[in-house]
Amino acid sequence: MLETTIAEIGPPDPVAMTAARDLQARLTKPAGSLGVLEELSVRLAGLAGVCPPPLPEPAAVAIFAGDHGVHAQRVTPWPQEVTAQMIGNFLAGGAVVNAFARQAGASVTVVDVGVAAPLPFPPADAASADAAPADAASGPTGTALAPPRLLDANVRRGTRDMTVTAALTRDEARAAVETGIRVAGGLIDAGAGVLLTGDMGIANTTPAAALVAAFTGVDPEAATGRGTGVDDETYRRKVGVVRTALQRHRPDPADPLGVLAAVGGLEHAALAGLILGAAARRVPVLLDGVIAVSAALAAAALAPDAVGAMVAGHRSAEPGATVALRHLGLDPLVDLGLRLGEGTGALLALPVVTGAVRVLHEVATFDAAGVSEK
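Since the structure is predicted, the reported quantities are computational estimates derived from the model, not experimental observations.

Analysis parameters
Chains are numbered independently. Their residues run from 1 in the order of the written sequence. Residues qualify for local features only when their pLDDT is at least 70, as the model is predicted, and side-chain atom pairs are given and counted only at 80 or more; totals for whole chains, interfaces and linings, by contrast, use all residues. Calculated side-chain values reflect all of the structure's heavy atoms, with hydrogen atoms and water omitted. The numbering of helices and of strands both runs from the N terminus, where a helix is a DSSP run of H or I of at least 4 residues and a strand a run of E of at least 2. A radius of gyration in this sense is built from C-alpha atoms; the matching globule rule multiplies 2.2 Å by the number of residues raised to 0.38. Computed with a 1.4 Å probe, the accessible areas rest on the Shrake-Rupley method; for each residue, only the protein chains presented here act as cover. Centre distance within 6.5 Å is the pairing criterion for rings of Phe, Tyr and Trp, where only the six-membered ring of Trp is used; planes under 30 degrees apart are then read as stacked, over 60 as edge-to-face, and the remainder as tilted. Only when the NZ of Lys or the CZ of Arg is both within 6 Å of the ring centre and within 35 degrees of the ring normal is a charge said to sit over the ring. Contacts are assigned to residue pairs with any non-hydrogen atoms lying within 4.5 Å of each other. We define the nonpolar core as a collection of buried residues of types Ala, Val, Leu, Ile, Met, Phe, Trp, Tyr and Cys that are connected through side-chain atoms lying within 4.5 Å of one another. Working definition: with a 1.4 Å probe on protein chains only, accessible area under 20% of the residue-type maximum means buried, over 50% means exposed, and in between means partly exposed. DSSP calls a pair of strands paired once it identifies at least 2 bridges connecting them. To obtain each axis, a line is fitted to C-alpha atoms, and for helices this fit is confined to the stretch in contact; angles are then taken between N-to-C directions over 0 to 180 degrees. For this analysis, a salt bridge means a side-chain nitrogen from Lys or Arg found within 4 Å of a carboxyl oxygen belonging to Asp or Glu.

Asks: For the overall build of the protein chain, give the residues involved together with the corresponding values.
Replies: Along its length, the protein chain carries 16 helices and six strands. For 374 residues, the compact-globule formula gives about 21 Å, and the C-alpha radius of gyration of the protein chain, at 20 Å, lands near that figure. Expressed as lengths along the three principal axes of its C-alpha atoms, the size of the protein chain is roughly 70 × 50 × 40 Å. With the model as given, the accessible surface of the protein chain reaches about 14,700 Å², and the carbon-plus-sulfur share is 54%.

Next comes the structure, spelled out in structure tokens:
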């Protein structure tokens, strides 16, 4: 599946991009007055292969959840059980991602790809709900949103401690990537016009920092942040943990699956798969924070043209996110100092992406509107 998906990922369509630039130049506004939105619309036209590109709707958030053996190195004060507890919160609709998803009219799918603790609700029960309850929240247009659902795709009950041994075997890393590909395909087949990355996993900013350092070559300190807000002592220990893991495994960025296996997380690998799956279907993926962009580095290493499907939703407060975005050549749409994860920053950026495309669909040209050009 992985190789087939990679083979289906192609470069942007230059004809569609040229048509989008030409259309932008003829719309009733000064040339360049919409700033980065203009180039974003051109990129999305190139991805879709048509101008104007389809509106990026409906939106679907995929939250991949996993636990981490490196938690044993005391890189976070939060207990590992919080991962499973937060999944319960997602399903109950009480997390920040749920509030933002309701505002945006986006569906929420939680995927257990590597949670260590027993989950609060059986995946079959949660995933079987096919209609919104009577008291379900409504989207922006008043349409009832389906409740969040939980998918069981657990590869293993948490990764191994990457400071002691490889976090995953190659087969486990591949299985997680292919889980992400399948989730992308399922969401797109169900009608999603844009996918948004989400994540949940206590200690997952530590493997994210290791992935960023491995793929970009920066020093571990430049890639490592404070995650949930750790104190100075824990931060120094976290940097040391990342450094130790990289020195132990010497991951080769030319072998992205090997990098994911050595120092990645199951949710990172699955997110890389989600990006690849969307890119193969030429559907945009709105990236969230540092977990997503560290996964995006792996996706880009596996298939460089996958970058054409990526839209950087926001700039995470985690320093590794800026390093990764620079390496990918992506500019974030918003910068609000966020560091929550879950998909929250991507959801806040979604209206910006929709607006960029809607301009090409709805704004009149100078000729059509009878407006004089300069």
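That shown, we press on.
Asks: Just give me the short version of the packing of aromatic side chains, but keep the residues and values in it.
Replies: Under the counting rule described, the total for this entry stands at zero aromatic pairs. Across from the ring centre of Tyr235, 4.9 Å away, lies the NZ or CZ of Arg226, which sits over that ring.

Asks: Could you give me a rundown of the side chain of Thr109, with the residues and numbers involved?
Replies: Structurally, Thr109 is set in strand β2 (residues 107–114). Excluding residues within four positions of it along the chain, Thr109 makes contact with Val61, Ala62, Ile63, Arg149, Leu151 and Leu187.

Asks: Could you give an account of the nonpolar core, naming the residues involved and the relevant values?
Replies: The biggest cluster of nonpolar side chains holds 80 residues, and the ones touching the most others in it are Phe64, Leu195, Val263, Leu276, Leu287 and Met310. Setting aside its immediate chain neighbours within four residues, Val263 contacts Met162, Pro207, Ala210, Leu211, Ala245, Leu246 and His249. In this structure, Leu44, Val61, Ala117 and Ala356 belong to the second largest nonpolar core, which totals 36 residues.

Asks: How would you summarise unusual backbone geometry if you had to cite specific residues and measurements?
Replies: Put simply, Cys51 and Pro52 share a cis peptide bond, and its omega is -5 degrees. Geometrically, the link from Glu57 to Pro58 is a cis peptide bond, its omega value of -5 degrees lying close to zero. With respect to the helices and strands, the residue Pro58 is situated in the loop between α3 (36–48) and β1 (59–66). A positive phi angle, near 60 degrees, is found at Arg282, a position not held by glycine. Counting through the fold element by element, Arg282 comes out in the loop between α12 (266–280) and β5 (285–287). Positioned with a positive phi, Glu342 is a non-glycine residue whose angle comes to about 70 degrees. The residue Glu342 is located in the loop between α14 (319–328) and α15 (344–362) in this model. Using a relative accessible area of 5% as the deciding quantity, one classes Glu342 as buried.

Asks: Explain the pairing of β2 residue by residue, including any values.
Replies: Burial runs high along β2: seven of the eight residues are buried. Relative to β2, β1 is paired through seven bridges, and the arrangement is parallel. Looking at β2, one finds that Ala60 is bridged to Ser107. Bridge count between β2 and strand β3 (residues 149–152): four bridges; the pairing is parallel. Paired with Val111 across the two strands is Leu151, which belongs to β3.

Asks: Before we move on, can you summarise the sheet that holds β2 with the specific residues and values?
Replies: Within the open sheet, the six strands sit side by side as β3-β2-β1-β4-β5-β6. Their pairing is parallel. At either end of the open sheet lies a strand with only one pairing partner, and these are β3 and β6 (310–312). Averaged over neighbouring strand pairs, the angle between their axes works out to 30 degrees when direction is ignored.

Asks: Give me the pattern of salt bridges: which residues, what numbers.
Replies: With the rule as written, the count across this model stands at 16 salt bridges. The partner of Glu39 in a salt bridge is Arg21, with the nearest N and O atoms 3.2 Å apart. Here the residue Glu39 occupies a position in helix α3, and Arg21 occupies one in helix α2 (residues 14–26), the gap between them amounting to 18 residues.

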